[in-house]
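# Notes for the structure review
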Amino acid sequence: MAGPPTLRELPPDYTHPPPTTAPQIPTGNPKAPLWLRTYFQGLLFALGCSIQRHCGKVLFLGLLAFGALALGLRVAIIETDLEQLWVEVGSRVSQELHYTKEKLGEEAAYTSQMLIQTARQEGKNVLTVEALGLHLQAAFTASKAQVSLYGKSWDLNKICYKSGVPLIENGMIERMIEKLFPCVILTPLDCFWEGAKLQGGSAYLPGRPDIQWTNLDPEQLLKELGPFASLEGFRELLDKAQVGQAYVGRPCLDPEDLQCPPTAPNHHSRQAPSVAQELSGGCHGFSHKFMHWQEELLLGGVARDPQGQLLRAEALQSTFLLMSPRQLYEHFRGDYQTHDIGWSEEQAGIVLRAWQRRFVQLAQEALPENSSQQIHAFSSATLDDVLHAFSEVSATRVAGGYLLMLAYACVTMLRWDCGQSQGAVGLAGVLLVALAVASGLGLCAMLGIAFNAATTQVLPFLALGIGVDDVFLLAHAFTKAPPGTPQQQERMGECLRRTGTSVTLTSASNMVAFFTAALVPIPALRAFSLQAAVVVGCNFAAVMLVFPAILSLDLRRRHHQRLDVFCCFSSPCSARVVQILPQELGERTIPVGIAHLTTTVQAFTHCEASSQHVVTVLPPQAHLVPPASAPLASELFSPRGSTRDLLDQEECSRQKASFEAPPCACWNLAHFARYQFAPLLLQSHAKALVLVFSGALLGLGLYGATLVQDGLALADVVPRGTKEHAFLSAQLRYFSLYEVALVTQGGFDYAHSQRALFDLHQRFSSLKAVLPSPAAWAPRTWLHYYRNWLQGIQAAFDQDWASGRITRHSCRNGSEDGALAYKLLIQTGNAQEPLDFGQLTTRKLVDEEGLIAPELFYMGLTVWVSSDPLGLAASQANFYPPPPEWLHDRFDTTGENLRIPAAQPLEFAQFPFLLHGLQETADFLEAIEGARAACAEAGQAGVRAYPSGPPFLFWEQYLGLRRCFLLAVCVLLVCTFLVCALLLLSPWTAALVVVVLAMVTVELFGVMGFLGVKLSAIPVVILVASVGISVEFTVHVALGFLTSQGSRNLRAAQALEHTFAPVTDGAVSTLLGLLMLAGSNFDFIVRYGALVGGGGRVCHAVSTPADALPDRYFFLVLTALTLLGLLHGLVLLPVLLSLLGPPPEVVQMYKESPRVPSPAAAQDSGLRWESSPSLPQAFARVTASMTVAFRPPPLPGAYVHPASDEPTWSSVATPTADTSGSPSARASCPAAE
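Quick summary incoming for the structure in this document.

Rules and cut-offs
- Residues numbered from 1 in each chain as written.
- Predicted model: local features only at pLDDT ≥ 70, side-chain atom pairs only at ≥ 80, totals over all residues.
- Heavy atoms only, no water.
- Pairing = 2+ DSSP bridges.
- Helix = DSSP H or I, 4+ residues; strand = E, 2+ residues; numbered from the N terminus.
- Axes fitted to C-alpha atoms, helices over the stretch in contact; angles between N-to-C directions.
- Buried < 20%, exposed > 50% of the residue type's maximum accessible area, 1.4 Å probe, protein only.
- Parallel < 35°, antiparallel > 145°, perpendicular 65-115°, else oblique.
- Left-handed = near helix turned anticlockwise from the far one by under 90°.
- Contact = heavy atoms within 4.5 Å.
- Disulfide = S-S within 2.5 Å.
- Salt bridge = Lys/Arg side-chain N within 4 Å of Asp/Glu carboxyl O.

### Observations regarding the sheet that holds strand E16 (residues 738-745)
Read from one edge of the open sheet, three strands run E17-E16-E18, paired in antiparallel fashion. Strand pairing shows two members of the sheet lacking a second neighbour, strand E17 (908-915) and strand E18 (945-948), which therefore form its edges. Averaged over all pairs of adjacent strands, the angle between their axes in this sheet comes to 25°, without regard to strand direction. Both E16 and E18 contribute to a ladder of four bridges, which runs antiparallel. Pairing of Leu742 across the sheet is with Pro947, part of E18.

So this is what it looks like as structure tokens:
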């Protein structure tokens, strides 16, 4: 069978027949939403045309601007202070923390270094001599850490915290005590003589070996020194503190040790002590009265017999206390050791951090790897180092993620047709997004927004996935420019007009989402949200302003027929002519009001040299038929769609002149959506199944939401695989003690509020979580210590008065305590008459109700602070303002010495407590609410107080977290509705989109419940941001439906055809951006990253049970969001639109006519049919399908699409035959590009 004649075989005498009647097209005023959208598209059109005309300048200036902003990264600050990251901004905790720092300074009283020892074999008992020996080895090795800085050597004895160093008038004894006074070390070794080995102080006395705590018997030493110095006051001090023989009177772990003192109970028997018996009830420091280490501080995983006797334990803990930087600075300021180095508080901090790092290093290396025990060491310095190191941007992970995205972009946008390939554009787009992300972060740095681990570990990949999505959209839409577009002048304008609305809508929704997420008042998450919003804005600017310039430059490459990527070489895919084979159909008529037409005509196509357009020559007769019974499977074309076309939708049967595409290139996602997915989804029974399944999924989400618990473990914000993470995990398992304080503020009279203070302490002590003090142990509040001390000196005075050692006019013969009481009792507080000796027998320091005399309260406070340093240190009162120093000499009875200066009214004091049994977040909340209730009751009595400590710093946010979350989500849904209604100009459609977004949020919340992910500030930010990110999956379908014509089913099918591929491809690009999060060492990043698509006190770990938090945070939560977004955007929303969608904005009306629109005719504002003038009847049968969209009258800057989808040709094209016979085959003129 002979093929059809070539274009040159047309008879020269062929002429056009006379025109027929034009179609009757109903016209009228356009709808306001359509008019407004057209106006907005006109502005985008003008922007695109301007960028195309000045593409080189725009690209240069854009890269220059973004590069300048990226330089802001040089001033970026990475925040690693947990308080600065996680304490709620503006909350009462934040205000209370500010008050504490205002009164006491930035630093706490001390910093702690901890060692935890566990057996390598799970559950093995550590209460053995062997295990204690290994603990001694590790602790002793760590305690000998030394660092050399500023030409000085710094060891533990110089920088440790020493509690209550007494002031002694005897200079020799004072220097000896200063060197010998022990560091505060809370260790189970203090139950044994070996605890003295951790104390590094030593002193020298002539004729004696070096005095150390391993050989120091304080009682014996005082006896030896008694004849040479007056040490009665010091002896009384030691007796009050119950120092006794100190360490030499305790049993030796190893009685065979040659240094084991003869005074040790088991020295002569040589029997190893019972470790469990010795550790039962805790241990004591050198002072039995003031230094009692409770068992819960030393042992973890304990087991007892039915009588409550300690049997075994699985963990040992030792805590070394160091001075704060301010204390260390004050201690050595003016000292001869630092006078030549310009000593400063900053240098003190450097010394402490260096020693802490060395301490941890030595402790971790102390035991051999084959040891039966393992040591976990912790210090605040090494934790800060790890957080800072892992908060830095990982060049390897960033490079890997971006290289992966570069490869994906290049492969996705490569085409077999070299003229349509855009691999280089994809590479340039990814690099542009990378620059936009860097510029956004640089702008945040210049604005002073501190970076954190979420910023550096998550944001670069999340922003990459979202930004590249819009790059793909513009690039593929650029290749789909409608026919007749003046390519060198208006091609970019047409691209932005078609896609700019969609890009603007998604970017605006994302920015609104992240700005709304900033309502969460946690600093780390607020910073992340603000930075994400700024980065999304920079991505939007780059995609809408700079990337069009890249596309315009690529258009020139295609115009000069250069290869993609390798643009130095000419393209082999040059001019081609596609010939359409004839096919026959019977005669039919044209129905009126139908949305899809099939016309059967005889036609020839040729490239006209004069106009460089494809000209279709038609016969006088045309045949129009109604749509097939399954219209959803027909070809759908929306020439003015604003949705994504990420993948080319060319027909599989199209043949190339120079090569043949492989079969694998014939199938794509658009083909699948058009021929398989949409027809199946939009059947009645499929819709019913989708609605039932969505309802069931929503029900499961609601049920899962009830399973979500509050909580976040500190171990999750510390990188996995680090020794700090191992320590926190061990501490979380074995030790759940939290040292807190009840702080009393200024603004009330302490002297007259003593009863209220005692009541407050009693209420706080009765809380379930407060660890009760042992019955034999002294009270833990400064007011109790103060009162008991006054009662003690009152008793001494009464005894001295009764015996006559103290008289009305002299206290020289009385005891030290009696003399102190004498001086206090004669005080009047009157500056004119400060002393009244008549009060000695008429008043008491403490009345019968146990209340201190108000008129003596502040003068007695001065005396107590100066005379009982060990009691003051044990109380941990931290008075502000501190009472003045006052030295007592009972032999000096001059008037000046008798006067006692009163302390200033207190503005800050605290009662310390230990909380225990706090495992779940509910336990913390119960303790917090009880503490707050106790403070509120005290407030009614006039006492201003608040609780302080890690549980209140990090867990109080959960009291209002769910309310904050619901508020943020509701505000965001309302804002999303307004944004969508404004840009879609259809509240109906916006309402459906918001309903779907709400369902995604609820179901995502339910998924967290089923996965065991606990609710904290991190997932709250993700849940809030998920609303904006989910817009990527829904708004394109909604916009495609809104701008289509026909029945709801047909419009839903058209929307799916044009959005299934881009939405799926966008989800893949987002997942690729998030994929690198899976390699993060932070659990909170791994755990919360997959559902999105598109110090001072003995600081016990701020955490919740690790086994309650499987590894799923940023990565897993964001991945789940991607899957839910795809499901709702491509399945549920099309079904809802097909059932409840708004009516079309424009209704198509057709009249029967023998004319078919030609490319030239399509340039007019109307639609007309015309016949070819001279085409032989024998060669004119072809089947073509088209969908024609009517538009309102154009506004300035708007462009009217022609009805055909034929791209233009070059006049130099060589006519070649195409034997495919495809009804939708296309021809192109590369030279015109």
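Back to the text.
### Brief notes about unusual backbone geometry
Cis peptide bonds are those with omega within 30 degrees of zero, and the linkage from Tyr880 to Pro881 qualifies with -5°. Within the secondary structure, Pro881 sits in the loop between helix H28 (869-875) and helix H29 (895-898). One non-glycine residue, Tyr150, lies in the positive phi region at around 55°. Summarising the element assignment, Tyr150 is placed in the loop between strand E2 (147-149) and strand E3 (152-154). Even without being glycine, Gln876 reaches a positive phi, approximately 55°. In this fold, Gln876 is placed in the loop between H28 and H29.

### A closer look at the pairing of strand E10 (residues 315-323)
Residues in a regular strand project their side chains so that they alternate between the two faces of the sheet. Counting buried residues along E10, nine of its nine residues qualify, which places the element largely inside the surrounding structure. What you see with E10 is no split at all: Ala315, Gln317, Thr319, Leu321 and Met323 on one side and Leu316, Ser318, Phe320 and Leu322 on the other are buried throughout. Pairing between strand E1 (residues 110-119) and E10: nine bridges, direction antiparallel. Bridge assignment links Gln117 to a residue of E10, and that residue is Leu316. Two strands pair when backbone bridges link them, and strand E4 (residues 185-186) and E10 are joined in this way by two bridges, in the antiparallel orientation. Among the inter-strand pairings, Leu186 is bridged to a residue of E10, identified as Thr319.

### Overview of the packing of helix H20 (residues 523-559) against helix H34 (residues 1017-1042)
Geometry of a packed helix pair, given as the angle between the helix axes and the separation of the axes. Look at H20 against H34: their axes get within 9 Å of each other, and the N-to-C directions meet at 25°. As judged from the angle between their axes, H20 and H34 are roughly parallel. For H20 against H34, the interelement crossing comes out right-handed. Where H20 abuts H34, its residues Leu525, Phe528 and Ser529 lie against Ala1017, Ile1018 and Val1021.

### Some thoughts on the state of the cysteines
Here a disulfide denotes one covalent bond, and it connects the sulfur atoms of two cysteines. What the rule picks out here adds up to three disulfides. Put simply, Cys160 and Cys183 are joined by a disulfide, and their sulfur atoms are 1.9 Å apart. Disulfide Cys160 to Cys183: torsion about the S-S bond roughly -70°, handedness left-handed. Within this pair, whereas Cys160 is found in the loop between helix H6 (156-159) and helix H7 (171-180), its partner Cys183 is found in the loop between H7 and E4, the two being separated by 23 residues in sequence. The pair Cys160 / Cys183 is uniform in exposure class, with both members buried. The side chain of Cys252 participates in a disulfide bridge whose partner is Cys260; the two sulfur atoms lie 2.0 Å from each other. For the disulfide bridge between Cys252 and Cys260, the dihedral angle about the S-S bond is near 100°, and by the sign convention the bridge is right-handed. Each member of the pair, Cys252 as well as Cys260, carries the same accessibility label: buried.

### Examining the pattern of salt bridges
Tallying each qualifying case throughout the model produces 19 salt bridges. Residue Arg92 pairs with Glu956 through a salt bridge whose shortest N-O separation is 2.3 Å. Of the two residues, Arg92 is situated in helix H4 (residues 92-104) and Glu956 in the loop between helix H31 (950-954) and helix H32 (961-984); the sequence distance between them amounts to 864 residues. What makes Glu956 buried here is its relative accessible area of 7%. Measuring nitrogen to oxygen at the nearest pair gives 3.4 Å for the salt bridge that ties Lys844 to Asp798. Taken together, the residues span a long stretch of sequence, with Lys844 in the loop between helix H26 (816-825) and helix H27 (857-867) and Asp798 in helix H25 (residues 782-803) at a distance of 46 residues. Among the residues examined, Asp798 registers a relative accessible area of 31% and is labelled partly exposed. Taken together, the shared-partner salt bridges in this structure form one network comprising Arg92, Glu96, Arg932 and Glu956.

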